[in-house]
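Results of the structural survey
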Amino acid sequence: MSQDIYVLIEHNQGQVAEISYVMLAAGRQLAGIHGSQLFAMLLGYQAQGLSLDIAADKLLYIDHPALKEFAQDAYLLTLTEIIKSRQPRVVLFGNTTIGSDIAGAVSIALGLDLASSCRYFTSDGKFVSQICGGKIMAEGNLSSGTTLLTMVPGGYKPEEGQSEHPPVIENFSPPVLDNLRIKNIKFIQPESFDIDISKESILISVGRGIQTRDNLELAENLANSLGGVVCASRPVIDQGWLPTTRLVGKSGKHVKPKVYIALGISGAPEHVEAITGSETIIAINTDPKAPIFDIATYGTETDLFDLIDVLVEKVEAAKAS
Amino acid sequence: MKIVVFVKLVPDLVEELTVDPGGTTLDTTWLRMIINEFDDHAVEQAILLKEKTSTQVIVIAPDFDGVDEVLFTACAKGADQIIKLTGDFSSINNHALARAVASRIKILQPDLVLTGVQANNDIDGSIGPALAACLNQPFVGYVSGVTLEDNTAIVQKEYPGGVIAEMSITLPAVLGIQAAEQPPRYVAVSKVRQVMKTSNIDEQPLDELDNSGFPEVTRMFQSETSAHAEMITGSPDEIADRLVSVFKEKGILQRTNR
Amino acid sequence: MPERIDFWGIPENWGSPAFYVYSLMFLAAAILLIRFYLRARLWWKVGRPGFHWNHLLQRLGRVINYGILQTKVLSQRYPGLMHASIAWSFFVFFLGTGLATIDSHFYKILVGIPYLLHKLVMDVFVVIFFIGAGLAVFRRFIQKPPRLTISSGFTWSLALTILIVLGGLLTESLRLAVEKPSWAWWSPIGWLVAKLWISTEASSATLTNWHLVIWVAHLLIVVITIITLPVSTLLHIITGPANIFFSNPDRKPGRLSPIPENSKAEPIYSDSLRNLSWMQFLSADACTECGRCQDVCPAYAAGTSLNPKILILNLRDALKQDASSILHGNTNTHLLIGEWIKENALWSCTTCMACVYECPILINHIDTIVDMRRHLVIKGQMDGELQAALENFGRYGNSFGQSDRMRARWTQTITPKIKDARREQVEYLWFVGDYASYNPTLSDITIKTAEIFNKIGLDYGLLYDAERNSGNDIRRIGEEGLYEMLMEKNVAAIEKCHFQTIITTDPHSYNTLKNEYPINQDKRILHYTELLDQLISSGRLKFRKKLGIKATYHDPCYIGRYNEIYAAPRQVIQATGCELIEMPRHAERAFCCGAGGGRIWMPEGDVKERPSEIRIREAVELDGVSHFIVACPKDITMFRDAVKTTGNEDKIAVKDLIELVHAAL
Ligand SMILES: Cc1cc2nc3c(=O)[nH]c(=O)nc-3n(C[C@H](O)[C@H](O)[C@H](O)COP(=O)(O)OP(=O)(O)OC[C@H]3O[C@@H](n4cnc5c(N)ncnc54)[C@H](O)[C@@H]3O)c2cc1C
Ligand code: SF4
Ligand code: SF4
């Protein structure tokens, strides 16, 4: 068995996903600990151009028409083939719509250990995963054989996984990929006539704590006086109170505003991962144990309904003075 | 057609979660177990398919405190058969569960297996892909819509940023449901109570559990609060004042001077 | 001696007028009965039969009280006077005619003084009738209050009644004009009119001929009135008292009717006309369209799609249109819920009971609304917010989606620790309720309540995490199973405790605990306002300060109309040294805040003006009133918000009664 660390590069419709860089940063740490090389794996079709800015020692490139877009069965066949032949120490997947679909299947198929939702590795190489909506962390050892992990963002800066020096490309010939059972038919893009919240610099984000649609008015008032835009966590979007274009989080947009104000948002990992790029996060939540306070710059444990009107008044007053 | 839905119970995050004195598992004394919300969506999706194409729906769940109610609720929604897997689940993990459940599913031979895309206590990956691998079937996760045609399913898979991929999968297959096409329906308590009187839970003991593939957890702890936010306290007035000064520092207050 | 003459002025050669009159009347009555039966038959042919004759005396008493004396009708001055004048006049005319019949055929009574008195009384009621009729014409055609819909049936009926009385008056006056008896002044009105005829100097023969013509017309109008009664507004003369008679005397306001069951003890849901009870159709046909319910309905005032009067009339129309298809087994009828009655209308009801309180013929709108909601709940047809709330109740026993262990978190700051009634014997078991326990903005008030109890050394305890939402409003949402589940849990917890009296903060809990929970009969249940009142009168609770505030008090529906606790809270307020100024609508007529019946967990939808805002505007009209006192945690939330949204923060403050007590101690 080798000591090398392998990272599955995730891409979708010609874009490398940010989680890939996070994994490369983590992979670099592990490679350091194990004194080994960092491999990136890129599965695609005529997709070499994608890989230029990744900070890996080597890029294993597998080219096949069936790998043009993600399809679980084609990926599974290919990855089991690579892992069997290369016997890496660790394989990192994103805890994402791609990585999560595949890691568990590889683990069962090859009889390898799998740990999910890993946020970071300790200096002695233990994985630390977050569970129970981020409230609990689980720390564990990598097994002696090949270990598979799925990673969540937050533990590493994506920039650390980027590099101007392209890695050495190594081609890996794909296994026989026919009789595939999953086919991509088409991609449906979200309605894009709304504001792009990922480009806004002031965001007022509302969560389930806002309770009713009518109360959204509060957030809108605050947004108006600060010159920002209202966005929301999933439960609010699911209720249809705001369009999907305003969704912040794993299944929505990642945002990097100057100021992000979270009103009644608990701070579930799926939400938090998308806001860590914000300069300042202000969390307003009645629950002192809400995980949002762990990542916020400022927090206040008050009832948003008591605060917002007062805050709007004071902002208006400050603007007028 | 036959659909099996695999459902499990997870810790209710509304309760305060603490770590067992042993330090490697959750303390279960105060733990409230509730249906994994994504599994709830999987049940709903199955019932919606049943309403459209009159498929048979079988719901399977491992025995946790409160599972009977979950199963009867599924039955009240329209499931045709409910199965409880019995055994010792004190240290259960998705690898062991997937193998055990797969052995049951092989007997049932469904065309489609639905389960929630993830659960809040997954440590060794979500169960869907593992189950699919045990059954040697394809898997698509993060699904938010399913249509059945002869021997294929057309599914909507959600990607970040609201992009949706439409895919076709040859059946039999396993799907990880993120959201049903409609929010899970409400079942009146009296309906569940009625079902409790008229339907039976089919209890099936599980064979030996094979835990391999589950990583070694050496320590569990409550999320660190070191990187905690600077907390602003006081009356709403005082808090608002402080926040306004934060806005000023950040230079985001545009003067109106009107 | 003056005596009554049968069939005065009817030509001899007409044979026996009695024969004509009675045959005509008999025929008309037969037609009336047949037509009425054909209509009434649909009630139990389409709906579920099941006639209840128990409590016969009580039922008859209610008919006398509400149907004959018309106490409910009279509780509103103008319409009450108007209606009673007409109705009572007709009762008198009817009795008078009856007396005359007896006099003609069985026993001569109308001779001498009794006859003169008879004349006098009849004449007086003619005047009373015309006052009533005048008021009715003015009201319907000139005043036109929004609650009244002008239907041709009403105009027809009013015209006929006026013609009948006019006919009677004219025949009488003509007779007097011809006879000119010495006692003519005993018929003052008749005589006045007679003088008019006399002044025309027409001959006796002419007048007698006129009399004949009018007498025949009068007779025919009576016949027409009787024959058309089943299709006119006058039908309520029969159906109204029938509805009063058959309305369930066991139905206490605070105890909702259970889900009806068929012979196999399976629940029957009101999803189609077939599944309604015959009583609901009787009520629909009995509705007088007076609109009193509409006038007081907060949902209607807020501009929602609910109008209790229209709801009842929709049932009437549904029966009229769909009955024959249903009876012919034709399933192709309109949907009862969805088409005849809109779901939104059903969800808009706050179950404030104002409509039920006002209805002069005891129609129970709430039973119909809740029955239909039960159908929607069993079908799972409801708004997402409401569904989430119900799921929270099922899982946590509260709508806040918080752990049961957080229920008593508000007690943390209180020393000494409040007793756990499950472990220690207490005199008072305090059932705190969800809002007072979980709502962070109310914990302040809840803590003050405990402080007061501590100060006066009350021996009390809590159920702590064993308390669940009482389910009052869940039952009214129509989720009967969930209600039973919560009730069973609470009852099990309560039964384990040793105590004498339960006190509740929340009027809603109070209602269901008192009226619906199967709790041991010798346990008393008090609302905290009652407890405080008792403690004040027994001298245990004494105030040091006089607050000297001008305050008004809002009666919560569930301790007011539902349980008639009006005096206790007022006495407590006055004992704290406040001057109590009543709002125009108070006590039985208090206007609902809009939160009841589960509304607090539903989106409010498109409303013109929230009931709570209407109420605050009513209060700020009062001269110098600075405090709006409530006795319900939900009221605090509703009205504090309304004070803000109506911009009255500088005019009026919303306070719980307990805060006054705390301040005055
Ligand atoms: C595959 C997948 C993708 C997902 N993608 C996303 C995503 O893109 N974006 C996303 O947001 N979620 C996403 N989720 C859902 C995520 O797991 C959480 O369920 C969600 O973020 C919770 O939203 P919330 O914080 O608004 O609600 P809750 O977790 O219910 O939090 C509400 C908070 O409001 C507080 N509160 C209540 N009342 C008040 C008050 N009066 N004043 C102040 N605070 C109050 C409470 O204390 C609580 O902390 C995803 C989940 C999955 C499985
Ligand atoms: S109970 Fe109240 S809200 Fe409901 S219909 Fe009657 S008056 Fe209207
Ligand atoms: S239901 Fe009662 S109060 Fe309402 S209009 Fe009819 S008779 Fe009047």
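Here the structure is a predicted model, which means the values were calculated and not measured.

Right, let's talk about the overall build of chain A for a bit. Counting its secondary structure elements, chain A contains eight helices and 17 strands. Based on the C-alpha atoms only, the size of chain A along its principal axes is roughly 65 × 45 × 35 Å. Looking at the 321 residues of chain A, the share that counts as buried comes to 60%. Pairs at least 24 residues apart make up 64% of the contacts formed inside chain A by residues separated by at least 6 positions. Surface exposure of chain A reaches about 11,800 Å², of which carbon and sulfur atoms provide 48%.

The geometry of two aromatic rings is summed up by the distance between their centres and the angle between their planes. Enumeration over the complete set of coordinates arrives at 32 aromatic pairs over all chains. Both rings, one in Phe7 of chain C and one in Trp215 of chain C, keep their centres 6.2 Å apart while their planes meet at 85 degrees; by these two values the pair is edge-to-face. With a gap of 208 residues between them, Phe7 of chain C in the segment before helix H1 (17–46) and Trp215 of chain C in helix H8 (residues 204–228) connect regions that are remote in the sequence. Judged by its relative accessible area of 26%, Phe7 of chain C falls in the partly exposed class. Under the relative-accessibility criterion, Trp215 of chain C is labelled buried at 17%. Between Phe19 of chain C and Tyr20 of chain C the ring centres are 6.1 Å apart and the planes differ by 65 degrees, which places this aromatic pair in the edge-to-face class. For Phe19 of chain C, a relative accessible area of 58% translates into the label exposed. A residue is classified by how much of its surface remains accessible, and Tyr20 of chain C, at 44% relative accessible area, is partly exposed. Residue placement shows Lys157 of chain B over the ring face of Tyr159 of chain B; its charged tip is 5.6 Å from the ring centre.

Residues and elements named next belong to chain C. Enumeration over the complete set of coordinates arrives at nine cavities of 30 Å³ or more. Space inside the largest cavity adds up to approximately 100 Å³. If you go around the largest cavity, you meet 15 residues; those closest to its centre are His508, Cys557, Cys593, Gly596 and Asp635. By residue class, the composition of the lining of the largest cavity is eight nonpolar, five polar and two charged.

A few words now on the environment of Arg409 of chain C. In this structure, Arg409 of chain C sits in the loop between helix H17 (384–396) and strand E1 (419–420). For Arg409 of chain C and Asp465 of chain C, which are 56 residues apart along the polypeptide, the C-alpha to C-alpha distance reads 9.7 Å.

Contact residues are listed per partner, giving four residues for chain C and seven residues for chain A. A buried area of about 480 Å², summed over both sides, lies between chain C and chain A, and 43% of it is on carbon and sulfur atoms. Applying the counting rule to chain C against chain A returns zero salt bridges. If you look at where chain C meets chain A, you find zero residue pairs in polar contact (both at pLDDT 80 or more). Considering only residue class, the side of chain C that touches chain A consists of one nonpolar, one polar and two charged.

Moving on, we get to unusual backbone geometry. Leu171 of chain B connects to Pro172 of chain B through a cis peptide bond whose omega is -5 degrees. On the secondary structure map, Pro172 of chain B appears in the loop between strand E9 (164–170) and strand E10 (173–177). Of the consecutive residues Thr415 of chain C and Pro416 of chain C, the connecting peptide bond is found in the cis state with omega at -10 degrees. The phi angle at Gln87 of chain A is positive, at roughly 45 degrees, despite the residue not being glycine. Looking at where Gln87 of chain A falls in the secondary structure, it is placed in the loop between helix H2 (72–86) and strand E6 (90–94).

This brings us to the sheet that holds strand E9 (residues 653–656) of chain C. Residue and element names in this part refer to chain C. In space, the four strands of this open sheet follow the order E7-E6-E8-E9, with parallel pairing throughout. The open sheet has two edge strands with one neighbour each: strand E7 (579–580) and E9. Contacts from helix H26 (residues 633–645) reach strand E8 (627–630) and E9 within the one sheet, and its direction differs from that of E9 by about 170 degrees.

Here we take up the site of ligand 1. Near ligand 1 you find 30 residues, and of these Ser233, Val248, Ser266 and Asn285 of chain A together with Phe38 of chain B are the closest. Nearby residues around ligand 1 are contributed by chains A and B. Measuring from a nitrogen atom of ligand 1, one finds a backbone N or O atom of Thr286 of chain A at 3.2 Å. A distance of 3.0 Å separates a nitrogen atom of ligand 1 from a polar side-chain atom of Asp303 of chain A. In the complex, the protein chains occlude 87% of the 990 Å² of accessible area that ligand 1 would expose alone. Of the residues that constitute the shell around ligand 1, the class distribution is 10 nonpolar, 14 polar and six charged.

Before going further, it helps to spend a moment on a negative patch on the surface. There is a patch of like negative charges on the surface, built from Asp309 and Glu313 of chain A together with Glu649 and Asp650 of chain C. In this fold, Asp650 of chain C is placed in the loop between H26 and E9. Its relative accessible area of 72% is what places Asp650 of chain C among the exposed residues.

Moving on, we get to the sheet that holds strand E4 (residues 38–44) of chain A. If you trace the 10 strands from one edge of the open sheet to the other, you get E11(A)-E5(A)-E4(A)-E1(A)-E6(A)-E10(A)-E7(A)-E8(A)-E9(A)-E12(B), paired in mixed fashion. The sheet terminates laterally at strand E11 (168–171) of chain A together with strand E12 (216–222) of chain B, the two strands that pair on one side only. Across the sheet, the mean angle from the axis of one strand to that of its neighbour is 35 degrees, orientation sign disregarded. With three bridges connecting them, strand E7 (residues 113–121) of chain A and strand E8 (residues 127–131) of chain A associate as antiparallel partners. Across the sheet, the residue bridging to Phe121 of chain A is Phe127 of chain A, located in E8 of chain A. Most of the contacts of H2 of chain A go to E4 of chain A, to which it runs at about 150 degrees, and overall it touches strand E1 (5–8), E4, strand E5 (58–63), E6, strand E10 (147–151) and E11 of chain A.

Moving on, we come to the interface of chain B and chain A. Interface size, as often reported, equals the accessible area lost upon joining of the parts. Facing 83 residues of chain B, the contacting portion of chain A comprises 78 residues. Across the chain B/chain A interface, buried area totals approximately 7,100 Å², and carbon plus sulfur atoms make up 57% of it. For the chain B face of the interface with chain A, the top three residues by lost area are Tyr142, Tyr159 and Glu166 of chain B, together amounting to 8%. For Glu16 of chain B, the salt bridge identified is with Lys289 of chain A, shortest N-O distance 3.3 Å. For the pair chain B and chain A, the number of links is 32 residue pairs in polar contact (both at pLDDT 80 or more). Of all elements in the fold, only helix H3 (94–108), helix H4 (127–135), strand E7 (139–149), strand E8 (152–158), E9, E12, strand E13 (230–231) and helix H6 (236–249) of chain B reach the threshold of two or more residues within the side of chain B that touches chain A. For the side of chain B that touches chain A, the element with the highest residue contribution is H6 of chain B, accounting for 12 residues. A breakdown of the residues in the side of chain B that touches chain A according to their chemical character gives 41 nonpolar, 23 polar and 19 charged. Here two bridges tie strand E17 (residues 298–300) of chain A to E13 of chain B, and the two strands are oriented parallel to one another. Counted as the bridge partner of Tyr298 of chain A is Glu230 of chain B from E13 of chain B.

So, on to the domain arrangement of chain A. All names here are of chain A. Per the domain assignment, the segments of chain A are domain 1 (5–171) and domain 2 (197–320). Here the C-alpha centroids of domain 1 and domain 2 sit 32 Å apart. Taken together, the contacts link eight residues of domain 1 with seven residues of domain 2. At the boundary of domain 1 with domain 2, total buried surface from both sides reaches about 600 Å², with 56% on carbon and sulfur atoms. Counting across the interface, domain 1 meets domain 2 through zero salt bridges. Between domain 1 and domain 2 we count zero residue pairs in polar contact (both at pLDDT 80 or more) in total. Partitioned by chemical class, the residues of the side of domain 1 that touches domain 2 number one nonpolar, five polar and two charged.

All names here are of chain C. Closest axis-to-axis distance for the H1/helix H13 (residues 308–327) pair is 10 Å, and the angle between their directions is 70 degrees. One way to sum up the angle between H1 and H13 is to call them roughly perpendicular. In this structure, H1 crosses over H13, and the sense of that crossing is left-handed. Along its contact with H1, which presents Arg39, Leu42, Trp43, Lys45 and Val46, the element H13 presents Arg316, Leu319, Lys320, Ala323, Ile326 and Leu327.

What counts as what
- Residues numbered from 1 in each chain as written.
- Chains lettered and ligands numbered in written order.
- Predicted model: local features only at pLDDT ≥ 70, side-chain atom pairs only at ≥ 80, totals over all residues.
- Heavy atoms only, no water.
- Helix = DSSP H or I, 4+ residues; strand = E, 2+ residues; numbered from the N terminus.
- Buried < 20%, exposed > 50% of the residue type's maximum accessible area, 1.4 Å probe, protein only.
- Contact = heavy atoms within 4.5 Å.
- Areas by Shrake-Rupley, 256 points an atom, 1.4 Å probe, with all protein chains shown as cover.
- Phe/Tyr/Trp six-rings, centres within 6.5 Å; stacked < 30°, edge-to-face > 60°.
- Lys NZ or Arg CZ within 6 Å of the ring centre and 35° of its normal.
- 1 Å grid on protein atoms, 1.4 Å probe; cavity = no way out; pocket = protein on both sides within 12 Å on 5 of 7 lines; lining within 4 Å.
- Points joined across faces, edges and corners; volume = space filled by probe spheres on them.
- Nonpolar A, V, L, I, M, F, W, Y, C, P; charged D, E, K, R; others polar.
- Buried area = accessible area lost by both parts, 1.4 Å probe.
- Salt bridge = Lys/Arg side-chain N within 4 Å of Asp/Glu carboxyl O.
- Polar contact = N/O pair within 3.5 Å; in protein donor to acceptor, adjacent residues only side chain to side chain.
- Pairing = 2+ DSSP bridges.
- Axes fitted to C-alpha atoms, helices over the stretch in contact; angles between N-to-C directions.
- Near = heavy atom within 4 Å.
- Patch = residues over 30% accessible without salt bridge, like charges linked within 9 Å, V, L, I, M, F, W, Y side chains within 5 Å.
- Lys, Arg positive; Asp, Glu negative; His and termini not counted.
- Charge placed at Lys NZ, Arg CZ, Asp CG, Glu CD.
- Domains from an automatic or database assignment.
- Parallel < 35°, antiparallel > 145°, perpendicular 65-115°, else oblique.
- Left-handed = near helix turned anticlockwise from the far one by under 90°.

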